[in-house]
Amino acid sequence: MRLSGKTAIVTGGGSGFGEGIVRKFAVEGAKVILMDRDMAAARRVADEIGESVVAIEGDVSRLQSFEAALDLSKSRFGAVDILVNNAGVGQSPTPLEDVSEELFDRLAAVNMRSIFNGARALVPHFKETGRGNILNVASTGGISPRPNLTWYNASKGWAIAATRGMAVELAPFGIRVNAINPVAGDTPLLSTFIGGDSDEIRARIVGTIPLGRLSTPADMGNAAAFLCSDEASMITGVDLLVDGGKCI
Ligand code: ADP
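Residues numbered from 1 in each chain as written. Predicted model: local features only at pLDDT ≥ 70, side-chain atom pairs only at ≥ 80, totals over all residues. Heavy atoms only, no water.

- For the protein, the name recorded in an unreviewed UniProt entry is 3-ketoacyl-ACP reductase, with Aureimonas ureilytica as its organism.
- Looking at the Sequence similarities (unreviewed entry) heading of the UniProt record, one finds this comment for the protein: "Belongs to the short-chain dehydrogenases/reductases (SDR) family." (UniProt positions renumbered as here; feature names shortened; annotations may be inferred.)

This is the structure we're talking about:
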């Protein structure tokens, strides 16, 4: 088991990619603090998996949520080894000049400030323990943007830039920082991007992916487990495409 003996905080683990990451981490032997603002969703996943996963309600745009997750880990499982910044929000396709300030603020709070908050709460802990691993879930849109999703894509580009900066700064402390860039996934978030559940638009998206399918939560779990395991001990600062060849 790749993650045996390790403890992880995974944000947004109640649904979609985050749920896939929590499930894979548990299979690989990790203990998981699953933080989500949707406590019912978080509880469902934790209950289905068992005692190795504990749910906590939290909002990644607030520093206190990360502090509470760290405290919970210390009392239940001990020190935290891994932070997965997965919780995110999307936007529906909109010309860039028509996006509201409210939506921009939400994208910034959930997709960007979350990484800042996670670092403020966990990096001192990682420095103290002399080890740590941060994984940011970005997006192919962060490196290969499409029209009408500009501010969402920009928030993910920021996450990739933050990943590189954090990796360089934290490497001397034994802390690795990586990102994964999922292509459109078969998750509830997809309908946000395509403005509803349209088979025709789904088919069009699949047509842009050389491997011929949407990504899945299991795909993200597999990539995340590798990057957060000791098998990737020489890998830091990368943003790994999990995109079926879309960005070639
Ligand atoms: P994805 O396709 O990225 O997996 P989903 O919408 O399926 O998207 O899952 C995102 C998860 O993140 C949901 O469980 C949602 O409740 C959670 N989430 C969204 N915003 C926040 C937030 N501010 N704080 C904590 N969790 C959040």
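There's plenty left to go through after this.
## Topic: the sheet that holds strand β5 (residues 132–137)
And then number 1: In spatial order, the strands read β3-β2-β1-β4-β5-β6-β7; together these 7 strands make up an open sheet with parallel pairing. Since the sheet does not close on itself, it has two edges, and those belong to β3 (53–57) and β7 (239–242), each with one partner. Between one strand and the next, the sheet's axes are offset by a mean angle of 20°, whatever the strand orientation.
And then number 2: The sheet contact formed by strand β1 (residues 7–11) and strand β2 (residues 31–36) spans 5 bridges and is parallel. Considered in β2, the bridge of Ile9 is made with Ile33.
And then number 3: In the packing of helix α2 (residues 39–49) onto the sheet, contacts are made with β2 and β3, and the angle to β3 comes to roughly 175°.
And then number 4: The strands touched by helix α8 (residues 217–228) within the sheet are β4 (82–85), β5, β6 (175–182) and β7, with β6 carrying the most contacts at an inclination of about 160°. (Pairing = 2+ DSSP bridges. Helix = DSSP H or I, 4+ residues; strand = E, 2+ residues; numbered from the N terminus. Axes fitted to C-alpha atoms, helices over the stretch in contact; angles between N-to-C directions. Contact = heavy atoms within 4.5 Å.)

## Details of the site of the ligand
And then number 1: Surrounding the ligand, one finds 17 residues, the nearest of these being Ser15, Phe17, Asp36, Asp59 and Thr187.
And then number 2: Contacts to the ligand include Arg37, whose backbone N or O atom sits 3.3 Å from a nitrogen atom.
And then number 3: Side-chain polar atom of Asp59 to a nitrogen atom of the ligand: 2.9 Å apart, as the coordinates give it.
And then number 4: Counted by class, the shell around the ligand contains 6 nonpolar, 7 polar and 4 charged residues. (Near = heavy atom within 4 Å. Polar contact = N/O pair within 3.5 Å; in protein donor to acceptor, adjacent residues only side chain to side chain. Nonpolar A, V, L, I, M, F, W, Y, C, P; charged D, E, K, R; others polar.)

## Side note on the pattern of salt bridges
And then number 1: For the structure on display, the rule yields 13 salt bridges.
And then number 2: Linking Asp239 and Arg164 is a salt bridge whose minimum nitrogen-to-oxygen distance equals 3.1 Å. Highlighted residues: Asp239 in strand β7 and Arg164 in helix α5 (residues 150–170), separated in sequence by 75 residues.
And then number 3: A residue is classified by how much of its surface remains accessible, and Asp239, at 17% relative accessible area, is buried.
And then number 4: What you see here is one network of salt bridges that share partners, running through Arg2, Lys24, Glu28 and Glu231. (Salt bridge = Lys/Arg side-chain N within 4 Å of Asp/Glu carboxyl O. Buried < 20%, exposed > 50% of the residue type's maximum accessible area, 1.4 Å probe, protein only.)

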